[in-house]
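Architecture at a glance
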Amino acid sequence: MTTGGRIQEHQEHSASGEREFVLDVRTQDMEINMGPQHPSTHGVLKVVIRADGEILTKATPHMGYIHRCAEKIAENVNYDQFVPYTDRYDYLAAMNNNLGYALVVEKAADLEVAPRATWIRMIVAELNRIGSHLIAFGTYGMDIGAFTPFLYGFREREWMMSLFEKLCGARLTYSFVFPGGLANDVPPGWFDELKRFCDVFEKKWVEYDKLLTRNKIFIERTKNVGVIPAGMALDYGLTGPCLRGSGVRYDLRESQPYLFYDQVSFDVPVGIGEMGTQGDCWDRYYVRMIEMLQSVRILRQCIERCEKDTTPGEIKGNRKKTLRVPVTEAYAGVENPRGELGHYLVGDGSDHPYRLKVRGPSFCNLSVLQELLPGTMIADAVAIIGSIDIVLGEVDR
Amino acid sequence: MTVLAFLSNGTVELQGASGATGILKGLAAYGFWGYLLAALVGFALLFGIASALPILFTWAERRVSGRMQQRWGPNRVGPFGLIQALADGIKLMFKEDIIPAQADKFLFMVAPGIVLAGMVSAFALVPLSDSAVIVDTSLGLYLIAALLSLEVIGVIMAGWASNNKWSLFGAMREAAQMVSYEIPFGLCILLAVVSYGSLSLREMSLAQAGGFLNVGNWLIFHNPFFALPAAVVFFIAALANTKRAPFDLPEAESELVSGFHTEYSGFRFSFFFLEEYASMFVISAILVSMFLGGWNLPFVPGSAVTGSFGGELLAVFTMLLKSFVLVFVMIWIRWTLPRIRIDQVMSLCYKYLTPIAFACLIGTCWWELAA
């Protein structure tokens, strides 16, 4: 058959004796820009997709639309001045970014941090992790087509943000964790409100579970979709929930404890293929859901230890006002909500870095898309991009 | 009173006038121009009703979704924000009518009209009470099914003419979905036809009067083993036909930006918007007429809601109430469930709904023969 569009039936007999019909329908691939203004690319990501009907044959992620030269800026401002720039890589987890940067400077400059400051750092990091995963949960529901979970997630996130507002005055870009300590101590009564938040949040989590996680349609849309086998996850350098969703138990808080994470007990959830295949979208999603509960567990322990072991006001470490880092190199990685945020710092004895390299987890996680997307449907592509949970601010920096 | 008189006398009859009473029917007696005037006034009236209900439903949708999502919803314009939808409508009317440079202009402009025309015409065929029916023909259901499927042509035109790949995807999804779901939809209509021996929705409602507590003759109670599942199948197919969640694939926001109406704005967009909400009501009203007893109320004998003015008013009220309940369920579903994928939509239709509808149809035939 030569003319396009005609259907030819080859009647062949396969090994099992069944007749096979080969339909020779000529179709043409269509190249479409998904993004940078697409509602579910989570920011300014552009994925150039080739689609044969609803099936993708090729997908190429393009990024760089909000590249802001964070690393180059770091070489031109002093150590403290760079803190607000760290807020802006992963703007949904600014506290964790601040923490990652603070840790690498402290490691290079050999600073000590007061125990109370360390406990508070853990508290804000875990609270921000909850807020970040709530966005991941809400927007993932929206990607799948359920609008209401998004607002449920935002309800609790709103409280989280107002807690941070009480703590440091900012709701999104906190600049709270500084090299050598914190911007300020917690205000009176803050821990009590945080405890109430923990209690309420655990109840609300059950609502999320009923509304979205166990929803039949949601499960049908996410199970066996976008399966990342453990090997592939490691090959692409995935970290965070994307890696743990594939069943690899790797969490920096557990494997290379920083702060006081070795003094608190928590579980590291991994994907087990509960609904379908190990490493599918549902697994990655569920790892995030469980992590929120684990964060609440860590929060409770941290508040208890912080109130018991330390006295209010003692957050000063041993840093001098002007921070200078000797000629040295240091690497510090922290477990961000999206994976390992690594900072590699080269100091030259001055008050600003000679070079600061940032390893953004979203950037590495994004790389798996072009292997994952071909062969899926458009709706699946949206589900997969959502389950990788990238923040474009961090991809481009 | 004029409105009701008009409604109750069925001026725009397809088979011509008989027993002329009422102002508009009088007009029709003046030959062609009178008939034209009657038709125009009738259309304006119909269009008014067909766009007043969607305004109510958009308000309801926004209020209900607001309550479900711990928000207020519109509450500023008018009492309980009731006029908000009207204000939005006025805003849409005054917006610039943008036609993309590369679009097929004629098709792009015509498509929303076709989509809305089918739906407004279908409105005329829905009986609200024994006499409050604009067009009562013996082919009522057949005509409604035909008019409802006219919409898909407009949607495909819109998707194609926009010259936007996302719109095209939306249109193709709509075509696949509508054509597939017409099957269980049609089978459920056939089931009702078999049960009543009529294609007229008015006669169906009349036939459902009486029985135990005056609900015994409602089709879902009269024939519970086959009509009840068929009603559920019909409702699901209706969701798919009206492009409501979880079947909103043609306009899936997170996948196709806005699907087939991505390029539309202003009042052309509002046509699609009106159509969606109008079709919610039309399909609910059909479902009520076929399966849920039409305008019959429990405990109230059927003779009480036909004939007299008060009874007819009660019948209209009952019919609207029952339909609104179904519309509410549609809104409720939309704000609760995620969206289904296109292959799952197809497998749901062909593997589950169609066989169930067939089984119900055959079962009903047997039931009616045995009874």
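Keep in mind it's a predicted model, so treat the numbers as computed, not measured.

**Description of the overall build of chain B**
In terms of regular secondary structure, chain B is built from 14 helices and zero strands. Since a compact globule built from 371 residues should have a radius of gyration of about 21 Å, the 21 Å found for chain B is in line with a globular shape. Projected onto its principal axes, the C-alpha positions of chain B cover 60 × 55 × 40 Å. In chain B, which comprises 371 residues, the share counted as buried stands at 49%. Long-range contacts, defined here as pairs at least 24 residues apart, represent 75% of the contacts in chain B between residues at least 6 apart.

**A short note on the overall build of chain A**
For chain A, the helix and strand inventory stands at 15 helices and ten strands. In terms of C-alpha radius of gyration, chain A reaches 23 Å, essentially the compact-globule figure of 21 Å for 397 residues. Projected onto its principal axes, the C-alpha coordinates of chain A cover approximately 80 × 45 × 35 Å. Scored against the burial criterion, the 397 residues of chain A give a buried share of 49%.

**Describing the interface of chain B and chain A**
At the junction of the two partners, chain B supplies 21 residues and chain A supplies 25 residues. Mapped by element, the contributors of at least two residues to the side of chain B that touches chain A are α11 (253-256) and α14 (342-370) of chain B. At three residues, α11 of chain B tops the list of elements feeding residues into the side of chain B that touches chain A. Here the residues of the side of chain B that touches chain A sort into ten nonpolar, five polar and six charged.

**Focus on the sheet that holds strand β9 (residues 339-347) of chain A**
Hydrogen bonds between backbone groups are what pair the strands of a sheet, and the pairing can be parallel or antiparallel. Residue and element names in this part refer to chain A. Taken together, the three strands give an open sheet; going across it, the order is β8-β9-β10, and neighbouring strands pair in antiparallel fashion. What marks the edges here is a single partner per strand, and that holds for β8 (328-336) and β10 (355-359). Looking at each pair of strands side by side, their axes are set apart by 10° on average, direction ignored. Here five bridges tie β9 to β10, and the two strands are oriented antiparallel to one another. Each residue of the ladder has a partner; that of leucine 345, found in β10, is leucine 356. Where helix α3 (residues 94-109) meets the sheet, it contacts β8 and β9, and its direction lies at approximately 155° from that of β8.

**Comments concerning the packing of helix α4 (residues 115-144) of chain A against helix α11 (residues 281-309) of chain A**
Residue and element names in this part refer to chain A. One can describe the packing of α4 onto α11 by two numbers: an axis separation of 9 Å at closest approach and a directional angle of 160°. The orientation of α4 with respect to α11, classified from their angle, is roughly antiparallel. α4 and α11 meet at a crossing whose hand is left-handed. Residues belonging to the contact of α4 with α11 are distributed by class as follows: 18 nonpolar, two polar and seven charged.

**Observations concerning the pairing of strand β4 (residues 46-52) of chain A**
For a regular strand, side chains alternate in direction, first toward one face of the sheet and then toward the other. Residues and elements named next belong to chain A. Along β4, the buried face is formed by Val47, Ile49 and Ala51; none of Lys46, Val48, Arg50 and Asp52, which line the opposite face, is buried. Sheet topology places strand β3 (residues 30-34) next to β4; five bridges connect them, and they run antiparallel. When the sheet's bridge partners are listed, asparagine 33 is paired in β4 with valine 48. The pairing of β4 with strand β5 (residues 55-62) spans seven bridges and is antiparallel. Counterpart to lysine 46 in the pairing with β5 is histidine 62. Hairpin connection from β4 to β5: two residues lie between these consecutive antiparallel strands, with glycine 53 at a positive phi of about 65°.

**Structural notes on helix α6 (residues 140-161) of chain B**
The terminal C-alpha atoms of α6 of chain B, which comprises 22 residues, lie 32 Å apart, in line with the 32 Å expected from a rise of 1.5 Å per residue. Trailing α6 of chain B by a residue or two, asparagine 163 of chain B shows a phi angle of about 60°, which is positive.

**Some details on unusual backbone geometry**
Residue and element names in this part refer to chain A. Of note in this structure, aspartate 110 is not a glycine but carries a positive phi near 55°. Assignment of secondary structure puts aspartate 110 in the loop between α3 and α4. Among the residues examined, aspartate 110 registers 11 C-beta atoms within 10 Å and is labelled exposed. In the Ramachandran plot, serine 175 falls in the positive-phi region, its phi being about 50° despite a non-glycine side chain.

**What to know about helix α10 (residues 224-241) of chain B**
Residues and elements named next belong to chain B. Compared with the 26 Å implied by 1.5 Å per residue over 18 residues, the 25 Å span of α10 between its first and last C-alpha is a close match. Packed against the buried residues of α10 are α6, α7 (165-196), α9 (219-222), α12 (266-291), α13 (309-334) and α14. At the C-terminal side of α10, lysine 243 shows a positive phi close to 60°.

**Topic: the sheet that holds β4 of chain A**
Residues and elements named next belong to chain A. The antiparallel open sheet is built from three strands, whose spatial order is β3-β4-β5. A single partner strand is all that each edge strand has here, and the edge strands are β3 and β5. Ignoring strand direction, the axes of neighbouring strands in this sheet form an average angle of 20°.

**Here we look at the packing of helix α5 (residues 148-168) of chain A against helix α6 (residues 190-213) of chain A**
All names here are of chain A. With their axes 10 Å apart at the nearest point, α5 and α6 run at an angle of 170° to one another. Here α5 is positioned roughly antiparallel relative to α6, judged by the angle of their axes. Along the contact surface, α5 presents Thr148, Pro149, Tyr152, Glu156, Trp159, Leu163, Lys166 and Leu167, while α6 presents Trp190, Glu193, Leu194, Phe197, Phe201, Lys204, Glu207, Tyr208, Leu211 and Leu212.

**Observations concerning the environment of glycine 43 of chain A**
Residue and element names in this part refer to chain A. Tracing the backbone shows glycine 43 in the loop between β3 and β4. Taking the C-alpha atoms as reference points, glycine 43 and tyrosine 65, 22 residues apart in sequence, are found 9.4 Å from one another. Among all residues touching glycine 43, those that are not within four sequence positions of it are Val391 and Leu392.

**Things to note about the confidence of the model for chain B**
Fine structural detail should not be taken from predicted coordinates in areas where pLDDT scores are low. Residues and elements named next belong to chain B. Chain-level statistics for chain B give a pLDDT mean of 82 and a share of 92% at 70 or above. Overall, residues 1-21 carries pLDDT values under 50, and its contacts beyond four positions in sequence, including any with other chains, amount to 37 contacts. We note a pTM of 0.83 for the whole complex and an ipTM of 0.80 for its interfaces.

**Description of the environment of valine 133 of chain B**
Within the fold, valine 133 of chain B resides in the loop between α5 (105-124) and α6. A sequence separation of 149 residues divides valine 133 of chain B from valine 282 of chain B, and the C-alpha atoms of the two residues are 13 Å apart.

**Comments concerning the environment of leucine 141 of chain B**
All names here are of chain B. Among the structural elements, leucine 141 can be located in helix α6. Between the alpha carbons of leucine 141 and tryptophan 367 there is a distance of 22 Å; along the sequence they are 226 residues apart. In this structure, leucine 141 is in contact with Ile189, Val193, Leu199 and Leu201, ignoring residues within four places of it in sequence.

**Examining the confidence of the model for chain A**
In the predicted model, chain A carries a mean pLDDT of 86, and 94% of its residues have values of at least 70. Segment residues 1-14 of chain A: pLDDT under 50, and 16 contacts once partners within four positions in sequence are set aside and those in other chains are kept.

What counts and what doesn't
- Residues numbered from 1 in each chain as written.
- Chains lettered and ligands numbered in written order.
- Predicted model: local features only at pLDDT ≥ 70, side-chain atom pairs only at ≥ 80, totals over all residues.
- Helix = DSSP H or I, 4+ residues; strand = E, 2+ residues; numbered from the N terminus.
- Rg over C-alpha atoms; globule rule 2.2 N^0.38 Å.
- Buried ≥ 20, exposed ≤ 12 C-beta atoms within 10 Å, placed from the backbone.
- Contact = placed C-beta atoms within 7 Å.
- Nonpolar A, V, L, I, M, F, W, Y, C, P; charged D, E, K, R; others polar.
- Pairing = 2+ DSSP bridges.
- Axes fitted to C-alpha atoms, helices over the stretch in contact; angles between N-to-C directions.
- Parallel < 35°, antiparallel > 145°, perpendicular 65-115°, else oblique.
- Left-handed = near helix turned anticlockwise from the far one by under 90°.
- Expected span 1.5 Å × (residues − 1).
- pLDDT = per-residue confidence, 0-100.

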